[in-house]
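# Fold and geometry: a report
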Amino acid sequence: MLRWNDPPEGPALLLLDQTRLPHEEVVLVCREVPDIVRAIKDLAVRGAPLLGIAAGYGVALAVALGEDVEAAARDLAGARPTAVNLARGAERVLRAHREGRSALSEAHAIAEEEAAYSARMAEHGLELVPDGGRVLTHCNTGALAAGGDGTALGVVIAAHRAGRLTRLWVDETRPLLQGARLTAYEAARHGLPYTLLPDGAAASLFAAGEVDLVVLGADRIARDGSVANKVGTYSLAVLARHHGVPFVVVAPTSTVDLTARTGDDIPIELRDPGEVTAFAGQPTAPLGSPVYNPAFDVTPGDLVTAIVTERGVISPVNEGTLAALGDPPPITRR
């Protein structure tokens, strides 16, 4: 989904353009840092762990091109505000460069670590999936969003391979349809038994007793266990609590931000109103309609049954249990 090209073809970062899926598999060749920044802003590349990888390679590209590395790191880190991995990946590779170490080697290390984390999270998370499990997920958390098989979808894939998965319920995920366009695409490629549904239909599934487990990812986790994830996640958490269904977040420790004391400290990205007022370029709302279009919402930690990281499963979710994980990589505020 993401690959570095050395000379003579490079230096360049190759990205699968996720805005063209599922109908076209188009590779973007990013030869300059602004190309990567644009790809991040346009959601051609997305998903918290993958954004960290992309940002790391973006800083390495600036080094390879002999450009202003500090400025490149700032531009990459600021491309989207909510996913903490983005700033963390840029900062980590910048720090390697400052210390006289290879920026590219550090970027490669981030990619390798995230792939290894996915495998560990799948192993830990599999223990939480019941036999014959009917699992609901939201947004996209597979290889298109992370290293390896992904975060939450990596757990689902592991459950399928172990014969534990009866049905994967896939929310279409408004407003950009990451579930319909991307999770369904990945589910089909893995041969998962999946069914796509409108976000608003999830409540009726819970009411009918058709959901055994909710598994999804995160873009930032605050110190108190509050989880920022694709908008609509908080609604699912409330539904799951009401119906007694476990609500599980799967994310590497690189997504934990201990500098954010509570969910109120997590910046929430507001997207272009046109993503709501039009579909496929065609207007769907009256001209000039006011729009509230947050990309994410925040779920309080007391609604989260467990957080699965590469270091193990956290339950209950609170400041004390998160602290027991040990410190995640540092973040430098700019």
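Everything that follows concerns the structure shown earlier in this document.
A brief look at the structure comes next. (Residues numbered from 1 in each chain as written. Predicted model: local features only at pLDDT ≥ 70, side-chain atom pairs only at ≥ 80, totals over all residues. Heavy atoms only, no water.)

## So, the pattern of salt bridges
- As enumerated under the stated definition, the model contains 21 salt bridges in all.
- The residue R95 makes a salt bridge to E91 at a minimum N-O spacing of 3.9 Å. Of this pair, R95 and E91 both sit in helix α4 (residues 84–98), four residues apart, roughly one helical turn.
- Look at R95 and you get partly exposed, because its relative accessible area is 26%.
- Assessed through its relative accessible area of 3%, E91 is described here as buried.
- The network of salt bridges with common partners includes R92, E99, R101, E106 and E113. (Salt bridge = Lys/Arg side-chain N within 4 Å of Asp/Glu carboxyl O. Helix = DSSP H or I, 4+ residues; strand = E, 2+ residues; numbered from the N terminus. Buried < 20%, exposed > 50% of the residue type's maximum accessible area, 1.4 Å probe, protein only.)

## Some points on the sheet that holds strand β2 (residues 12–16)
- Spatial strand order, β1-β2-β3: three strands in an open sheet with antiparallel pairing. The open sheet has two free edges, formed respectively by β1 (2–5) and β3 (27–30), since each of these has just one partner strand. Each strand axis lies, on average, 20° off the axis of its neighbour in the sheet, ignoring direction.
- Where β1 meets β2, four bridges bridge the pair, whose relative direction is antiparallel. The residue bridging W4 from the neighbouring strand is L13, located in β2.
- Across the face of the sheet, helix α1 (residues 33–41) comes into contact with β2 and β3 while running at roughly 140° to β3.
- Along the sheet face, helix α2 (residues 48–65) touches β1, β2 and β3 and points at about 15° away from the line of β1. (Pairing = 2+ DSSP bridges. Axes fitted to C-alpha atoms, helices over the stretch in contact; angles between N-to-C directions. Contact = heavy atoms within 4.5 Å.)

## Focus: the sheet that holds strand β11 (residues 256–257)
- Spatially, four strands are ordered β11-β8-β9-β14 in an open sheet, and the strand pairing comes out mixed. Lying at the two open borders of the sheet, with one neighbouring strand each, are β11 and β14 (296–299).
- Sheet analysis places strand β8 (residues 220–222) next to strand β9 (residues 227–230), joined by two bridges and oriented antiparallel. Note on β9: the bridge partner recorded for R220 is A228.
- Its contacts with the sheet put helix α9 (residues 233–242) on β9 and β14, and the angle it makes with β14 is roughly 35°.

## Focus on a negative patch on the surface
- A cluster of acidic residues, E32, E67, D68 and D75, forms a negative patch at the surface.
- In this structure, E32 sits in the loop between β3 and α1.
- By relative accessible area, E32 is classed as partly exposed at 43%. (Patch = residues over 30% accessible without salt bridge, like charges linked within 9 Å, V, L, I, M, F, W, Y side chains within 5 Å. Areas by Shrake-Rupley, 256 points an atom, 1.4 Å probe, with all protein chains shown as cover. Lys, Arg positive; Asp, Glu negative; His and termini not counted. Charge placed at Lys NZ, Arg CZ, Asp CG, Glu CD.)

## A short note on the pairing of strand β6 (residues 194–197)
- Alignment of strand β5 (residues 165–171) against β6, held across four bridges, turns out to be parallel. Paired with L168 across the bridge in β6 is Y194.
- Note that the unit made of β5, helix α7 (residues 178–190) and β6 has a crossover that is right-handed. (Right-handed = clockwise from strand over helix to strand, strands pointing away.)

## Quick notes on the environment of E112
- Inspection of the secondary structure assignment puts E112 in helix α5 (residues 103–126).
- Classification of E112 by relative accessible area gives exposed; the value is 57%.
- When the C-alpha positions of E112 and G147 are compared, they lie 7.6 Å apart, and in sequence the two are 35 residues distant.

## Thoughts on α5
- When the terminal C-alpha atoms of α5 are compared, their 35 Å separation across 24 residues agrees well with the 34 Å that a helix rising 1.5 Å per residue should span.
- Buried within α5 are the following residues: A103, E106, A107, A109, I110, E114, Y117, S118, M121, A122, G125 and L126. (Expected span 1.5 Å × (residues − 1).)

## Considerations on helix α3 (residues 69–77)
- For α3, the set of buried residues is V69, A71, A72, A73, L76 and A77.
- Looking at the buried side of α3, the elements it contacts are α1, α2 and α4.
- Sitting at the head of α3, D68 places a side-chain oxygen 3.2 Å from the backbone nitrogen of E70. (Polar contact = N/O pair within 3.5 Å; in protein donor to acceptor, adjacent residues only side chain to side chain.)

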